[in-house]
Amino acid sequence: MHFRFLAALAAFTSFAPLASAHVTLVQPDAVPGQTWESAIRIGHGCNSSPTIRIALTLPATWGTPQAATKAGWTVETQGSTIIWSGGTLADGEKGEFAFKALVAKDAPLGPQVLPVIQTCQTGEHRWIERVQTGQDPKEVKSPAPVVSVVQSPRVQVSEPWLRATPKGAKVAGGFAYFVNPAGEPDRLVSASFPSIAGRTEIHEMAMAGGTMTMRALPQGIAIPAHGRVEFKPGGFHLMLMDLKAPLSEGQSVEGTLVFDKAGAVNVKFPVMAIGAPGPVHQHKH
Ligand SMILES: [Cu+2]
């Protein structure tokens, strides 16, 4: 089975620093009448007991789901439920379980709850609760993952981070991956961090006459259809300017990224050490 796009997506999203990760979807947007490729991401076991079985139920009106093979696990489908079993995922380990399904042509737009039953060697988690409108998601103990049925899928922002700054610094760098699941290009046009920066620009580093220089991209940057763009030290970055205070490791800063099509996306940027190359490279893969 081919999970071409998802493989690319997962490679860049699997280690995203998720706050109190429960069970989440790698690609949370699905389009009516189109094949939805996603994966559920398991963040932890049950009270330190490893996960040994996962059952995910998709809407009954959608096409029969198909799961990607996963080394060490057996996959079976019962109606619209996919069951992974026979493997072991340690409590502290993050796991992704990929699948795809055809979204019903007449699927109503909006959020759709997907129940997940996670069985561990000892105990289980029933991720079946729905977050009610107006309710703080943090108050819900076992929220089910939610797929958004949308007319066109939006760009996803993964692994956002800001680099800590030395005392007195007036600028800081911001980084993330942008993955565009849509068949149309999108464009990151601007960014802002009103709580800490007077203004923010989109920059690139480029060789000019043998030296690395930085230049502003006032038109922003295109995120190609079914493509991704990586912001990282030494390459594209967000440049936070007129800093109101230094950024220190461990802090987390709210930013807003504005895309042509996806609109304004609010993102929490954790602050990493001054020398940090980024979250991906800290992982021992
Ligand atoms: Cu810059």
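So, a few notes on the structure that sits alongside this text. Values in this document were obtained by computation on a predicted structure and should not be read as measured data.

## Side note on the environment of Arg154
So, point 1. For Arg154, the position within the fold is in the loop between strand S12 (146-149) and strand S13 (156-163).
So, point 2. On a C-alpha basis, the gap between Arg154 and Asn180 in space is 6.7 Å, while along the polypeptide they are 26 residues apart.

## Quick look at the sheet that holds strand S9 (residues 110-113)
By way of backbone hydrogen bonds, the strands of a sheet pair with one another, either parallel or antiparallel.
So, point 1. Spatial strand order, S2-S12-S9: 3 strands in an open sheet with mixed pairing. Of all the strands in the sheet, the pair left with one neighbour each is strand S2 (29-30) and S9.
So, point 2. Relative to S12, S9 runs antiparallel, the two sharing 4 bridges. Across the sheet, the residue bridging to Val113 is Val146, located in S12.

## Regarding the nonpolar core
So, point 1. Leu162 and Phe178 are the most contacted members of the largest nonpolar core, which totals 29 residues.
So, point 2. For this core, the secondary-structure elements that each account for two or more residues are S13, strand S14 (172-179), strand S15 (186-192), strand S16 (197-208), strand S20 (237-243), strand S21 (252-259) and strand S22 (263-272).
So, point 3. Looking at this core element by element, the count peaks at 6 residues for S14.
So, point 4. Beyond its immediate chain neighbours, meaning those up to four positions away, Phe178 contacts Val155, Val157, Leu188, Ile223, Arg228 and Val229.

## Regarding the pairing of S22
Within a regular strand, the side chains alternate between the two sheet faces.
So, point 1. In the sheet, S13 pairs with S22 via 2 bridges, with the strands oriented parallel. Within the sheet, the bridge partner assigned to Arg163 lies in S22 and is Met272.
So, point 2. Taken together, the 8 bridges between S21 and S22 define a ladder with antiparallel strand orientation. Across the sheet, residue Thr256 finds its bridge partner in S22, namely Asn266.
So, point 3. Where S21 folds back onto S22 in an antiparallel hairpin, the turn is made up of 3 residues.

## Topic: the sheet that holds strand S4 (residues 51-57)
So, point 1. The 5 strands are arranged S6-S7-S4-S10-S11 in an open sheet whose pairing can be described as antiparallel. Lying at the two open borders of the sheet, with one neighbouring strand each, are strand S6 (74-78) and strand S11 (124-127). On average, adjacent strands in this sheet sit at an angle of 15° to one another, irrespective of strand direction.
So, point 2. Taken together, the 5 bridges between S6 and strand S7 (residues 81-89) define a ladder with antiparallel strand orientation. When the sheet's bridge partners are listed, Val75 is paired in S7 with Trp84.

Rules of the game
- Residues numbered from 1 in each chain as written.
- Predicted model: local features only at pLDDT ≥ 70, side-chain atom pairs only at ≥ 80, totals over all residues.
- Helix = DSSP H or I, 4+ residues; strand = E, 2+ residues; numbered from the N terminus.
- Pairing = 2+ DSSP bridges.
- Core = buried A, V, L, I, M, F, W, Y, C linked by C-beta atoms within 7 Å.
- Buried ≥ 20, exposed ≤ 12 C-beta atoms within 10 Å, placed from the backbone.
- Contact = placed C-beta atoms within 7 Å.
- Axes fitted to C-alpha atoms, helices over the stretch in contact; angles between N-to-C directions.

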